[in-house]
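One letter stands for each residue in the lines below.
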Amino acid sequence: CLLYLAFYFKKIVLAPEIIIYQPDQNIKTTSNTITIEGKTEAEADVTINGEAVLNNNNGHFVANVKLKSGVNNLLVKAKKKYSGEASILRQILVEP
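Residues numbered from 1 in each chain as written. Predicted model: local features only at pLDDT ≥ 70, side-chain atom pairs only at ≥ 80, totals over all residues. Heavy atoms only, no water.

Trainee: Please set out the pattern of salt bridges residue by residue, giving values where relevant.
Mentor: For the structure shown, the criterion picks out two salt bridges. Close ionic contact of E41 with K80 constitutes a salt bridge, the shortest N to O distance being 3.1 Å. You can see E41 sitting in the loop between β3 (33–39) and β4 (45–48) and its partner K80 sitting in the loop between β7 (70–79) and β8 (85–94), a full 39 residues away along the chain. Relative accessible area serves as the criterion here: at 6%, K80 is assigned to the buried category. Of the charged contacts in the structure, one is a salt bridge between E85 and K77, with a shortest N-O distance of 3.7 Å. Its relative accessible area of 27% is what places K77 among the partly exposed residues. (Salt bridge = Lys/Arg side-chain N within 4 Å of Asp/Glu carboxyl O. Helix = DSSP H or I, 4+ residues; strand = E, 2+ residues; numbered from the N terminus. Buried < 20%, exposed > 50% of the residue type's maximum accessible area, 1.4 Å probe, protein only.)

In structure tokens:
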């Protein structure tokens, strides 16, 4: 019983894992939008550059983000109610 409680407590307070399927890190594009697709824990709240993104029952999320010319930083964050926050940064270079 104590082992179960320790495992459950750890699951609650640890930051959720984030996996980004696309885009890859440090890419160049000429497009003014990009699709960000990834996965985290289903109960986690996801934001991209501070904007909330909905994830499904499996934790999968997809969002289209507008880009400006030059270097764009895309900061993906995930946080559960009582956990720490996990984050991944992607940099996208938009060339004219």
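So that's the structure; there's more coming.
Trainee: I'd like a rundown of the environment of A86, residues and numbers included.
Mentor: Considering the arrangement of structural elements, one finds A86 in strand β8. You can call A86 buried: its relative accessible area is 15%. A C-alpha to C-alpha distance of 9.8 Å links A86 and T40, two positions 46 residues apart in sequence. Setting aside residues up to four positions removed in sequence, A86 forms contacts with A15, P16, I18, V76, K77 and A78. (Contact = heavy atoms within 4.5 Å.)

Trainee: Can you lay out the sheet that holds strand β5 (residues 51–53) for me, pointing to particular residues and giving the numbers?
Mentor: On the basis of which strands lie adjacent, the open sheet formed by five strands has the order β2-β8-β7-β4-β5 and mixed pairing. With one partner strand each, in any of the chains shown, β2 (27–29) and β5 form the two edges of the open sheet. Averaged over all pairs of adjacent strands, the angle between strand axes in this sheet comes to 30°, irrespective of strand direction. (Pairing = 2+ DSSP bridges. Axes fitted to C-alpha atoms, helices over the stretch in contact; angles between N-to-C directions.)

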